[in-house]
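# Chain and residue survey
Spelled out, the chains give:
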Amino acid sequence: MSDALATLKAGVSDLGLDLSPAQLDQLMAYLGLIQKWNKVYNLTAVRDPHEMLTYHLLDSLTAIAPLVRHTQGQAAKVLDVGSGGGLPGIVLAICQPELDVSCVDTVGKKAAFIQQVAATLKLPNLRGIHARVETLTGPFDVICCRAFASLPDFVSWSRSALAGQGVWMAMKGKHPQAEIDGLPTNVKVFHVEPLSVPGLDVERCMIWMKPV
């Protein structure tokens, strides 16, 4: 576990994040919970603990700095759509206690896992919701997803949950130009941000969108 903690600390440093020892401990505890529950609940296809750290934790941590820049450290309501095992929602809740984070998933076991994490890690700003995102009304200031669906589907399914001045934040792999071209005319991409995952030589980006 000490090797994993060292890898996490190095990644956090590479990303320029300032996390407390308690937050690092929570991230490691969350990783342990994914590994434990994954055997029963099939939360993620990634089974190797080191790969989980890189592909899940560090990958999700790339969202922190851009989100802090957007919220300027102020309180905000965030909805993580198709959250699965809580990525990036749980990571956001741990690293940004000022956020009120809801993770929605259509699979009951995954929503239950998120509730379990909230209780175990004592995260009052985190909740798991078992529902289809189309049924939620919000309002949420930021609606995010990671490898969830195409951008047109993501914005259309979650539109009713977005606050009037809210934004969408989609974590993607390669620049999804075809998906951007397919967005409805009343949704505008206002920023595309390249992301670099420590320890991973892969293309990642974040697509910021808002209604027009």
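Residues numbered from 1 in each chain as written. Predicted model: local features only at pLDDT ≥ 70, side-chain atom pairs only at ≥ 80, totals over all residues. Heavy atoms only, no water.

### Section: the pattern of salt bridges
Evaluation of the coordinates by the stated rule reveals 6 salt bridges. Two residues, arginine 146 and aspartate 59, come together in a salt bridge whose shortest N-O distance is 2.9 Å. With arginine 146 in strand S4 (residues 140-146) and aspartate 59 in helix H3 (residues 49-61), this residue pair connects regions lying 87 residues apart in the sequence. Residue classification places aspartate 59 among the buried positions, given a relative accessible area of 3%. Two residues, arginine 204 and aspartate 59, come together in a salt bridge whose shortest N-O distance is 2.6 Å. Here the residue arginine 204 occupies a position in strand S7 (residues 204-211), and aspartate 59 occupies one in helix H3, the gap between them amounting to 145 residues. On the basis of relative accessible area, arginine 204 is assigned to the partly exposed category, the value being 22%. Taken together, the shared-partner salt bridges connect Asp59, Arg146 and Arg204 into one network. (Salt bridge = Lys/Arg side-chain N within 4 Å of Asp/Glu carboxyl O. Helix = DSSP H or I, 4+ residues; strand = E, 2+ residues; numbered from the N terminus. Buried < 20%, exposed > 50% of the residue type's maximum accessible area, 1.4 Å probe, protein only.)

### Examining unusual backbone geometry
Residue proline 88 is reached from leucine 87 by a cis peptide bond, and omega for that bond is 5°. Position of proline 88 relative to the elements: it lies in the loop between strand S1 (76-81) and helix H5 (89-95). The step from glycine 138 to proline 139 runs through a cis peptide bond, and the omega angle for that step is 5°. Looking at where proline 139 falls in the secondary structure, it is placed in the loop between strand S3 (126-130) and S4.

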